[in-house]
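Here are the chains, one letter per residue:
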Number of protein chains: 2
Amino acid sequence: MASSTGDTEKLPKKIYDAQVATLREELVQLQVELKKTDFKIVLILAGVDGAGRGDAINTLMGWLDPRGVETIALQQPTDEERERPLMWRFWRGLPTSGRIGIFVGSWYTETLREEARSKKALAELDHELRRIRHFERLLSDNGTLVVKVWFHLSKAEQGRRLRAHLAHADTAWRVTDEQQRAHRIYNRLATTAEHILGETDRPGAHWDRIEAADPRARNVNFAGMLVRRFKEHHRRYTNKKHVSPTKPKRVVALRPDGRKRLLSLELDRKLSSKAYEAKREKWLGRLNRAVRRARDAKRSIVFVFEGQDAAGKGGAIRRLTGAIDARDYRVVPVAKPTDEEKAHHYLWRFWRQIPRDGFVAIFDRSWYGRVLVERVEGFCHPHEWRRAFEEINDFEEQLIDHGSIVVKFWLQVSKDEQLERFRAREETPYKQHKINDEDWRNRAQWSAYETAVGDMLALTDTAPAPWHLVPANNKRFARFDVLRHACKQITAALDA
Amino acid sequence: MASSTGDTEKLPKKIYDAQVATLREELVQLQVELKKTDFKIVLILAGVDGAGRGDAINTLMGWLDPRGVETIALQQPTDEERERPLMWRFWRGLPTSGRIGIFVGSWYTETLREEARSKKALAELDHELRRIRHFERLLSDNGTLVVKVWFHLSKAEQGRRLRAHLAHADTAWRVTDEQQRAHRIYNRLATTAEHILGETDRPGAHWDRIEAADPRARNVNFAGMLVRRFKEHHRRYTNKKHVSPTKPKRVVALRPDGRKRLLSLELDRKLSSKAYEAKREKWLGRLNRAVRRARDAKRSIVFVFEGQDAAGKGGAIRRLTGAIDARDYRVVPVAKPTDEEKAHHYLWRFWRQIPRDGFVAIFDRSWYGRVLVERVEGFCHPHEWRRAFEEINDFEEQLIDHGSIVVKFWLQVSKDEQLERFRAREETPYKQHKINDEDWRNRAQWSAYETAVGDMLALTDTAPAPWHLVPANNKRFARFDVLRHACKQITAALDA
């Protein structure tokens, strides 16, 4: 753990001014260079109450070019935030590549506070800390420079400051009730903080401690730390061989069993028009009731539709939405990421679309693109799609921990059936926009996709978020199967 | 008011299918063409309960390419929405240029419901309708195609539908309590709707009525209406002479009195270092109390800082934020709009940053760029900046109506003082990024900017959102003046 030595002597103004002049040059240079990179800086400032976090940020902001930096000030969660998994609000605030995001209040704020004050059970704290470690690793794996700074102040110094402020009518406003309370339980807070800092000090997410007794020294150490961390990170990041990912010659299965499950599907299961008509309204009614029950229980539902081109995802989604109040759901068609989305972690655009409690989001393609098209086409590096399985499982676990119901469908058609549908699309004027060269190219990679899908099924088929495989050669059967399974899984989750 | 004739005979399936095939081609074509334009389509669907709005949207969505369209489903406002002006949630949902946004639930939903059920005073309704008309005109002035469709259904037909659904166990779920209530008060709702439709049927925001008794006819008429409206709009839009705006040869004042006010400022007012030190903490304390009072009263504060280059906006903002809890405020530096921002109305990016109740937003430059740099540099057409004065006044009025406190500063330095500051910036290494050719170019236009500022002061200095002019040749005086005026205006607003 890095640490700066506390200095009881104050930094003289003259030396401070000279250091500041140099630091400001370095900070401006940092921002110029950062802008050219494709990573971002996430800066978290925590510390002992009264150590001057606000002042230090204010000072730092004065030294930086404001156009490349943003502060993310977090107060009590809003209802839109409470109605989504814990980390949603932090994802929401992440800066884009080339920028600095300073979190004033972070994923540590509640953890640091609650533990000391309510003696939260250790198990629960451990769970939170695991979540934090995972999140920071995900950021750092993605190239983000995570700078975490802890301002230290002794109990004696904290007391001196409070008394000095309270002694003058002009400055007494600077002391809040919360600060006085924090002073009284200084030792307990310090013990907790020590534990939390220790448990979250990891490669790629180090804690830097800065002595905050002298504001001048604190400010220059703080800014200096940022500059130093950036330089190290920039060097390491630049020295890494940044070979552009290339299309793999062959897609080799990680888990051949997944593909077996796919191949054993009986694709030609049929449903007659009559049988479909007879059952449809009843099952739509069931789905409608299930969704309303979920809404009343404030549980959100996340549908994931994956499948080959022309497997019938769109049609199945439209049948499904026929049973849901238009105000309660949102269909999210997933295409190529926009520029803004590309300047974020690949999961960012999906976090953005996570529904509020009681609402339904239907993803027409999804985060699984990372382990399907991106893997097969070589749009990302092998280490990126390899770690995606765990990242995705963790993402879905967060949804489920929060109370969401995650329903995942893979629609499978045979190669012949796809060909027939492609041809029909080419022949029907209003369907021509649905077919392009890319579809034909994907088709040529049939076997590679089968392998990738197999791995996906084997590695992300979790108990709370299982994959349902839909034989989709017959559209009626597929639509009915989707409808019926959706009812069943939602009802089971609500009854559990 | 456009209107389609109701047809009691049902559209035969065969004819329907043929019409659908043509319509789908036209819709796909529409989307291809829309994508090439720089306008968007905002589609609002309202109508009698049970007329099948959900079905119709579902059907239309099935015919459109989902990647170019989004539905904005609005439920009860969330607290993040309630804590901002009424229209915030609608601004939030607007699509970008080249896309279609379908509002399921719109700015009409509450208006249509509340009036009928609680007999809201006519004055209040009129105010809401004025707000709606203004918003739709703003959209339409900006080139947006606003399509508003009303689904009509007679009381008898509505009753027949409810009874038919209720008669079968499989379909009874389609009837909600709300629909049954709506049937009972059909006439009252119809009268209200008639009034509202009449008052909001304006050029650029017409209501189209569609008879919804026959679902097939309804669907094709609905989609056909969209196609027709698009074609008309596209033709009119394309035929308009789209001359790129050019830099005006001379900036001619609309209101010479505004400039006089600027010129009469005594720019050299000074404050000694001693006097400043003596007063600063006291006034920071006052500001801190005022901001906490506002927070407790759930009033947000919007600071606007405008001024010439190097007038000291950044410094004044940093002194101000020294008194505010870092979690309570956000500084919004306004630079060139991003691509996403450019694909929206110019006010969109500011609406985005409107603070929640109790919070503070500090704009370092603002929406006034429209009537300053955009006017002087010819970045927008004269008719655009001319109508901006009213748009801006209306925008600020919405903030104030909601309870926000709007504090606007213009920092004015003399031409000589600016020159000295520019030179100092060029000579200090860490300040060099703050000065570029553009600053020198703006300086060359000193008089043109004076004229534009004068018009701005004359036309947007409203009683609830006045401009405070700050003589800024002396930095200490300027900072102190900003601090003192902020305290005074906030306190006065809270005491009012």
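Because the structure is a prediction, the values reported are computed rather than measured.

The next subject is the overall build of chain A. A tally of regular secondary structure across chain A gives 21 helices and 11 strands. Its C-alpha atoms give chain A principal-axis dimensions of roughly 85 × 50 × 40 Å. The 496 residues of chain A split such that 55% are buried. Within chain A, counting contacts between residues at least 6 apart in sequence, those at least 24 apart form 82% of the total. A distance of 3 Å separates the average location of the 91 positive side-chain charges in chain A from that of its 71 negative side-chain charges.

Moving on, we get to the interface of chain B and chain A. The interface of chain B with chain A comprises 51 residues on the first partner and 52 residues on the second. Summed over both partners, the interface of chain B with chain A buries about 4,900 Å², with 51% contributed by carbon and sulfur atoms. The largest share of the area that chain B buries against chain A comes from B:Trp173, B:Arg327 and B:Tyr430, three residues that together contribute 15% of it. Taken together, the links from chain B to chain A amount to 4 salt bridges.

This next bit is on the packing of helix H2 (residues 53-63) of chain A against helix H10 (residues 215-239) of chain A. Residues and elements named next belong to chain A. Viewed as axis vectors pointing N to C, H2 and H10 meet at an angle of 60°, and their least axial separation amounts to 10 Å. Between H2 and H10, the crossing angle belongs to the class labelled oblique. Relative to H10, H2 is oriented so that their crossing is right-handed. Within the contact between the two elements, H2 uses Asp55, Ala56, Thr59, Leu60 and Trp63 and H10 uses Arg218, Asn219, Phe222, Ala223 and Leu226. Grouping the amino acids of the contact of H2 with H10 by side-chain chemistry returns 6 nonpolar, 2 polar and 2 charged.

Two orientations exist for strands paired in a sheet by backbone hydrogen bonds: parallel and antiparallel. Residue and element names in this part refer to chain B. In space, the 5 strands of this open sheet follow the order E8-E9-E7-E10-E11, with parallel pairing throughout. Of all the strands in the sheet, the pair left with one neighbour each is strand E8 (329-333) and strand E11 (467-471). Across the sheet, the mean angle from the axis of one strand to that of its neighbour is 20°, orientation sign disregarded. Summarising the sheet, E8 and strand E9 (residues 360-364) pair through 5 bridges and their orientation is parallel. If you follow valine 332 over to E9, its bridge partner there is phenylalanine 363. Sitting on the sheet, helix H20 (residues 446-460) touches strand E10 (405-412) and E11, and the angle it makes with E10 is about 155°.

Further remarks concern the relation of the copies chain B and chain A. Mapping chain B onto chain A leaves a residual RMSD of 0.0 Å; the transformation is a rotation of 180° accompanied by 0.0 Å of translation along its axis. Those values place the two copies in the arrangement expected of a two-fold rotation axis. An overlap of 100% is found between the interface residues of chain B and their copies at the interface of chain A, pointing to a shared contact surface.

All right, on to the pairing of strand E7 (residues 301-307) of chain A then. Residue and element names in this part refer to chain A. By the criterion of burial, E7 is predominantly enclosed, with 7 of the 7 residues buried. Of the two faces of E7, the one holding Ile301, Phe303, Phe305 and Gly307 and the one holding Val302, Val304 and Glu306 are both buried throughout. Sheet analysis places E7 next to strand E9 (residues 360-364), joined by 5 bridges and oriented parallel. Counted as the bridge partner of phenylalanine 305 is aspartate 364 from E9. As defined by bridge partners, E7 adjoins strand E10 (residues 405-412) across 7 bridges and the pair is classed as parallel. Bridge pairing in E10 links isoleucine 301 to isoleucine 405.

Another aspect to go through is the UniProt feature "domain: Polyphosphate kinase-2-related" (unreviewed entry) in chain A. Under the present numbering, the feature "domain: Polyphosphate kinase-2-related" (unreviewed entry) in UniProt falls on residues 12-233 and 271-492 of chain A. Measuring from the first to the last C-alpha atom of residues 271-492 of chain A gives 25 Å, for a span that is 54% helix and 14% strand.

On to the UniProt feature "coiled-coil region" (unreviewed entry) in chain A, then. Mapped onto the present numbering, the UniProt feature "coiled-coil region" (unreviewed entry) falls at residues 13-40 of chain A. Annotation note: span residues 13-40 of chain A, helix share 86%, strand share 0%, distance between end C-alpha atoms 33 Å.

Right, let's get into the pattern of salt bridges. Residue and element names in this part refer to chain A. Applying the stated criterion across every chain yields a total of 84 salt bridges over all chains. In this structure, arginine 160 and glutamate 157 form a salt bridge, with 2.9 Å as the shortest nitrogen-oxygen distance. Of this pair, arginine 160 and glutamate 157 both sit in helix H7 (residues 155-167), 3 residues apart, roughly one helical turn. In this structure glutamate 157 comes out as buried when scored by relative accessible area, which is 16%.

Before going further, it helps to spend a moment on a positive patch on the surface. All names here are of chain A. A surface patch of like charges, here positive, comprises Lys279, Lys282, Arg286, Arg289, Arg292 and Lys488. By residue number, the principal contributor to the positive patch is helix H12 (residues 273-296), which donates 5 residues. Locating arginine 286 in the fold gives a position in helix H12.

Further remarks concern the domain arrangement of chain A. Residue and element names in this part refer to chain A. Assigned domains of chain A: these are domain 1 (2-239) and domain 2 (256-495). Of note, the centres of domain 1 and domain 2, computed from C-alpha atoms alone, are 41 Å apart. Taken together, the 21 residues of domain 1 in the interface contact 22 residues of domain 2. Taking both sides of the interface into account, the surface hidden between domain 1 and domain 2 amounts to around 2,000 Å²; carbon and sulfur atoms contribute 52%. When the area that domain 1 buries against domain 2 is broken down by residue, the three leading residues are Glu83, Pro85 and Trp91, summing to 33%. Taken together, the links from domain 1 to domain 2 amount to 7 salt bridges. A salt bridge links arginine 131 to aspartate 394; its shortest N-O distance comes to 3.1 Å.

Counted by the stated rule, this structure contains 44 aromatic pairs over all chains. With centroids separated by 5.2 Å and ring planes inclined at 55°, the aromatic side chains of A:Trp351 and A:Phe395 adopt a geometry described as tilted. Placement of the pair is A:Trp351 in helix H15 (residues 348-351) and A:Phe395 in helix H17 (residues 382-402), with a sequence separation of 44 residues. Exposure remark for A:Phe395: the relative accessible area of 1% places this residue in the buried category. Pairwise contacts between aromatic rings join A:Phe90, A:Trp91, A:Phe103, A:Trp107, A:Phe135, A:Phe350, A:Trp351, A:Phe363, A:Trp367, A:Tyr368, A:Phe395 and A:Trp467 into one cluster. Here B:Arg375 stacks its cationic end above the ring of B:Trp385, 3.9 Å away from the centre of that ring.

What follows deals with the packing of helix H13 (residues 313-321) of chain B against helix H21 (residues 475-495) of chain B. All names here are of chain B. At a minimum axis distance of 9 Å, the contact between H13 and H21 shows a crossing angle of 50°. Judged by the angle between their axes, H13 and H21 are oblique. Between H13 and H21 lies a crossing whose hand is right-handed. Residue-level inspection shows Gly315, Ala316, Arg319 and Leu320 of H13 in contact with H21, the latter providing Arg479, Val482, Leu483 and Ala486. The class makeup of the residues in the contact of H13 with H21 is 5 nonpolar, 1 polar and 2 charged.

What counts as what
- Residues numbered from 1 in each chain as written.
- Chains lettered and ligands numbered in written order.
- Predicted model: local features only at pLDDT ≥ 70, side-chain atom pairs only at ≥ 80, totals over all residues.
- Heavy atoms only, no water.
- Helix = DSSP H or I, 4+ residues; strand = E, 2+ residues; numbered from the N terminus.
- Buried < 20%, exposed > 50% of the residue type's maximum accessible area, 1.4 Å probe, protein only.
- Contact = heavy atoms within 4.5 Å.
- Lys, Arg positive; Asp, Glu negative; His and termini not counted.
- Charge placed at Lys NZ, Arg CZ, Asp CG, Glu CD.
- Buried area = accessible area lost by both parts, 1.4 Å probe.
- Salt bridge = Lys/Arg side-chain N within 4 Å of Asp/Glu carboxyl O.
- Axes fitted to C-alpha atoms, helices over the stretch in contact; angles between N-to-C directions.
- Parallel < 35°, antiparallel > 145°, perpendicular 65-115°, else oblique.
- Left-handed = near helix turned anticlockwise from the far one by under 90°.
- Nonpolar A, V, L, I, M, F, W, Y, C, P; charged D, E, K, R; others polar.
- Pairing = 2+ DSSP bridges.
- Least-squares fit on C-alpha atoms with pLDDT ≥ 70 in both.
- UniProt positions renumbered as here; feature names shortened; annotations may be inferred.
- Patch = residues over 30% accessible without salt bridge, like charges linked within 9 Å, V, L, I, M, F, W, Y side chains within 5 Å.
- Areas by Shrake-Rupley, 256 points an atom, 1.4 Å probe, with all protein chains shown as cover.
- Domains from an automatic or database assignment.
- Phe/Tyr/Trp six-rings, centres within 6.5 Å; stacked < 30°, edge-to-face > 60°.
- Lys NZ or Arg CZ within 6 Å of the ring centre and 35° of its normal.

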